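Coordinate inspection notes
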Amino acid sequence: MPPVIDQKKCIKCAKCAQICCMDIFGPARVKEVPEIRYSEECWHCNACVLDCPVGAVTLRYPLPLMLLAKDAVLNSSAREGN
Amino acid sequence: MVEIKKEVRECDVLVVGGGIAGLMAAIAAADKGAKVIVADKSDTRRSGSGATGNDHFLCYIPEVHGTPEDFLVEFRESMVGGNSDAKIQMKFIARTFECVKDWQRWGIDMKPHGQWEFNGHAFPERMRIWLKYNGENQKAVLTEQALKRGVVIENKTPITEFLTDETGKIVGALGIDIAQLEPEIKLFKTKSLISATGNTSRLYPAITGGWMFNTAHCPSNAGSGRAAAYKIGAELVNLEIPNTHAGPKYFARCGKATWIGVLKDSQGKPVGPFVTKPTKELGDITADVWHSVFTEKNQNGTGPVFMDCSETAPEDMDYMMWGLKCEGDTALIDALEKQDIDLSRQMVEFTKYEPILIGRGIQIDENAATNVAGLYAAGDEVGNFRSDIAGAAVMGRIAGEKAAEYSLNAENSCNLASHPTVSKVRSFYTELMQRASGPVWQELNLAVQQIMHDYAGITFVRSETLLSAGLKYLHDLEKTAYKTLQCKDSHELMRALEAFDLLLIGKLIFLTALERKETRGMHKRSDYTFTNPLLNGMFITVKKENDAPRTAWRKSD
């Protein structure tokens, strides 16, 4: 759930757990791959992704947060080829 | 029993919340020679609404804007200008540029294109007052500046109570250590305290319903400073006038003015009166000043409303994507990419977000002082002044200076270990931790949100009967939750106490909304539909007196 940690890349520095503004990892413990204890409290701020020294963290966005997009409508001048 | 840490931390100035306001306050107080501690519930390098960046800083430069009075006119008509005391706004204006220059010197890029550049949040043909900057590293830089001055930062330490002596002046604060699963109480002895805990999120249901941490501003900000200040007798102000934000649906984010596009309906017709072609200088200020357009058009069937960047010039599109990064919206950029959304040909639906308290909260004077001796406040939690990041920076600095001056002449001989609040909350926290069964904090938070939404929200009108019923329901909820809620670790204890803070603030919103017998902005009373001109510039305050809330009216200054 939201942050996904690549266990092979993780160097167990606990930086993500320490800096998380929502404390979703609970206590930061070095020498352990961080456990995501309170995943539903993720703000998706991306700090853990930005601060991981080895790029081991990615965010997964929950379905209710889906962005809604549709094709833009050409304005009148563009439609007339002006 | 929940243990109390043996060591009582001592300082001249305790800063509660290490966001922009808190760190600027700490730096200023340390520069004045005070011994300063910052307590932050997270880690000051990435905490609060400015955690990953910002890109607009309200700033007055005489050569650009003319007189401060000219600037004030534009400021008061902006999205952050209402419900404020002009004398605080004037004091703020005078010191904005000084803070901007310090930030630039410290390593925050305040002129990323080599000059002071004012773009966005702007009406056509009008003065532009928002300095475009790159705030990606702002929290790390301010943390470094605070540490350089000897400020002690206590991370993972939510402060839950402010402590006063028998004369009513500040003597300390109580927090919880959440660095371990087993909570411990931490005591802070201080001569002054600066409350800087940010906006209040999670009081109303998020646009994603039960997914309540999907908020534009930091969801960790749950009104703890407001609640703690109220409990020791501080005045809160302007709680009853709802405030909303707007942005992409369903991924709640700040940064609406960073988008360079035009808000349009499904047929491609602009919905606002301000712009028809997107430019980086203006953006579409409709999103700042007419949030109800999103709900109105959905309610009458002519929605949805979209942000259309398809006509944005390629160089302006690059500028926008760079701006979103400066604003800290890297997750939004990532989410757009993961969903394969191409802004050069697709529009993104925008919506109004749930009400939050920002610029509604603790009442200060122009020195950031409250009515409680030794208590100061700054940033998003102030009730009679608002200017978002710039307001936090400048008023944080002023709060730090004034709190330090106060502390250097103050005494504190209080023995915190025997303070009555300490034993009272210790027993309560212990009960919460020891209960084997009962509701969890999420239930309380959601229950508060649904009552706020249905009886003091913006979806339905407000009235004497609805507000009175909602207030009664909150009292009932509080009684039940107080007797039954359970927590299993320090994190849950923090969240449970936040939920109680939200409930308390909710009650004060009901009381002040009952008191304002008129319609004003999004405070829509079905029993008083008229906006009474005699109440223009009249603020409602609320404070605790003899253990009960008392409301009062005052003229804005």
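Preceding this paragraph is the structure being described.
Owing to the predicted nature of the structure, the values given are computational and were not obtained by experimental measurement. (Residues numbered from 1 in each chain as written. Chains lettered and ligands numbered in written order. Predicted model: local features only at pLDDT ≥ 70, side-chain atom pairs only at ≥ 80, totals over all residues. Heavy atoms only, no water.)

Concerning the interface of chain B and chain A
Reports often express the size of an interface as the amount of accessible area lost when the parts come together. Each side of the interface is counted separately: chain B has 58 residues, and chain A has 37 residues. A combined buried area of about 4100 Å² lies between chain B and chain A, and 56% of that area is made up of carbon and sulfur atoms. Ranking the residues of chain B by area buried against chain A places Arg46(B), Lys156(B) and Trp211(B) at the top, with a combined share of 17%. At the junction of chain B with chain A, the criterion picks out four salt bridges. Of the charged contacts in the structure, one is a salt bridge between Lys156(B) and Asp23(A), with a shortest N-O distance of 3.6 Å. Taken together, the connections running from chain B to chain A amount to 26 residue pairs in polar contact (both at pLDDT 80 or more). Mapped onto the side of chain B that touches chain A, the elements with two or more residues apiece are β13 (306-308), α10 (330-338), β14 (346-352), α13 (441-456) and α15 (490-515) of chain B. A per-element tally of the side of chain B that touches chain A places α10(B) first, with seven residues. (Contact = heavy atoms within 4.5 Å. Buried area = accessible area lost by both parts, 1.4 Å probe. Salt bridge = Lys/Arg side-chain N within 4 Å of Asp/Glu carboxyl O. Polar contact = N/O pair within 3.5 Å; in protein donor to acceptor, adjacent residues only side chain to side chain. Helix = DSSP H or I, 4+ residues; strand = E, 2+ residues; numbered from the N terminus.)

Some thoughts on the nonpolar core
Residue and element names in this part refer to chain B. One finds Phe57, Phe75, Trp103, Phe162, Trp259 and Tyr429 to be the most contacted residues of the largest nonpolar core, which totals 187 residues. No other element matches the 15 residues that α15 contributes to this core. The residues touching Tyr429, leaving out its near neighbours within four places in the chain, are Val2, Thr160, Glu161, Leu174, Ile176, Ile185, Leu493 and Leu497. (Core = buried A, V, L, I, M, F, W, Y, C linked by side-chain atoms within 4.5 Å. Buried < 20%, exposed > 50% of the residue type's maximum accessible area, 1.4 Å probe, protein only.)

Overview of the sheet that holds strand β17 (residues 538-545) of chain B
Residue and element names in this part refer to chain B. Spatial strand order, β15-β10-β17-β18: four strands in an open sheet with antiparallel pairing. Here the strands that pair on one side only, and so sit at the sheet edges, are β15 (361-362) and β18 (548-555). The sheet contact formed by β17 and β18 spans eight bridges and is antiparallel. Residue Lys544 lies in a different strand from β18, and its bridge partner there is Pro549. The sheet contacts of α15 involve β10 (236-237), β17 and β18, and relative to β18 the element is tilted by about 45°. (Pairing = 2+ DSSP bridges. Axes fitted to C-alpha atoms, helices over the stretch in contact; angles between N-to-C directions.)

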